[in-house]
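# Coordinate inspection notes
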Amino acid sequence: MTTTKTARELAETYFTAWEAGDFDTIRGLLASGVDFVGPLGAASGIEEALGGLKGLGQVLEKIDVKVRVAEGDDVITWFELRTTVAPPAPTANWMHVENGKIARIRVSFDPRGLLAGFEKKSREGKPGRRA
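Being a predicted model, the structure only gives us computed values, none of them experimental. (Residues numbered from 1 in each chain as written. Predicted model: local features only at pLDDT ≥ 70, side-chain atom pairs only at ≥ 80, totals over all residues. Heavy atoms only, no water.)

When helices and strands are tallied, the protein shows four helices and six strands. Along the protein, from the amino end to the carboxyl end, the secondary structure elements read α-α-β-β-α-β-β-β-β-α. Against the globule reference of 14 Å for 131 residues, the protein gives a C-alpha radius of gyration of 16 Å, in line with a compact fold. C-alpha extents for the protein along the principal axes are approximately 60 × 30 × 20 Å. The buried share of the protein, taken over its 131 residues, is 37%. Sequence separation of at least 24 residues holds for 46% of the intrachain contacts in the protein that already meet a minimum separation of 6. Of the accessible surface of the protein, which amounts to about 7600 Å², a share of 50% is contributed by carbon and sulfur atoms. Charge centroids of the protein, computed over 18 positive and 18 negative side chains, lie 8 Å from each other. (Helix = DSSP H or I, 4+ residues; strand = E, 2+ residues; numbered from the N terminus. Rg over C-alpha atoms; globule rule 2.2 N^0.38 Å. Buried < 20%, exposed > 50% of the residue type's maximum accessible area, 1.4 Å probe, protein only. Contact = heavy atoms within 4.5 Å. Areas by Shrake-Rupley, 256 points an atom, 1.4 Å probe, with all protein chains shown as cover. Lys, Arg positive; Asp, Glu negative; His and termini not counted. Charge placed at Lys NZ, Arg CZ, Asp CG, Glu CD.)

Set out below in structure tokens:
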């Protein structure tokens, strides 16, 4: 007997796995043609989507979920994205589920803190340069 997770359960599993760096679990949640759009870029397909999550995962400290609202095949998760390079970023994530898999993800947040943090980290990592 197979149990299909609800959209809400898929979102909960996605965020728990991302925070833990468990990209194998995330891979199993995504539809083959998953489509992602956010302030730092867009991704099409599982590999591109995982690449973006892994990139941000390198500085991810915590995903502090404030509220999750689900209606049918759609879920919106409001959370603070906490990283090692920027102040917490209030973030909205909308996911749409089709055939038991996450098919579309849209993310909205102000990326300026993260971009500045990445720039600072990049400068500090280069030999011969001082912060």
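Per the stated rule, a full pass over the model turns up two aromatic pairs. Among the aromatic residues, those joined into a cluster by ring pairs are Tyr-14, Phe-15 and Phe-79. (Phe/Tyr/Trp six-rings, centres within 6.5 Å; stacked < 30°, edge-to-face > 60°.)

Bringing the environment of Gly-51 into the picture now. Its location among the elements puts Gly-51 in helix α3 (residues 46-57). In this structure, the C-alpha to C-alpha distance between Gly-51 and Gly-72, residues 21 residues apart in sequence, is 28 Å.

Another aspect to go through is the environment of Asp-64. Its location among the elements puts Asp-64 in strand β3 (residues 60-71). When the C-alpha atoms of Asp-64 and Glu-19 are compared, they prove to be 9.7 Å apart, with 45 residues separating the residues in sequence. Setting aside residues no more than four positions away along its own chain, Asp-64 makes contact with Trp-78, Phe-79, Glu-80 and Arg-82. Polar side-chain contacts of Asp-64 include one of 2.9 Å to the side chain of Lys-66. (Polar contact = N/O pair within 3.5 Å; in protein donor to acceptor, adjacent residues only side chain to side chain.)

All right, on to the sheet that holds strand β2 (residues 41-44) then. Strand order in the open sheet formed by six strands is β2-β1-β6-β5-β4-β3, with mixed pairing between adjacent strands. Only two strands of the sheet have a single neighbouring strand rather than two, namely β2 and β3. Averaged over all pairs of adjacent strands, the angle between their axes in this sheet comes to 20°, without regard to strand direction. Relative to strand β6 (residues 101-108), strand β5 (residues 89-98) runs antiparallel, the two sharing seven bridges. Bridging from a neighbouring strand, His-96 pairs with Arg-104 of β6. Against the sheet, helix α1 (residues 7-20) touches β1 (30-38), β3, β4 (74-83), β5 and β6, its axis set at about 175° to β3. This element, α3, spans β1, β2, β3 and β4 of the sheet and lies at about 50° to β1. (Pairing = 2+ DSSP bridges. Axes fitted to C-alpha atoms, helices over the stretch in contact; angles between N-to-C directions.)

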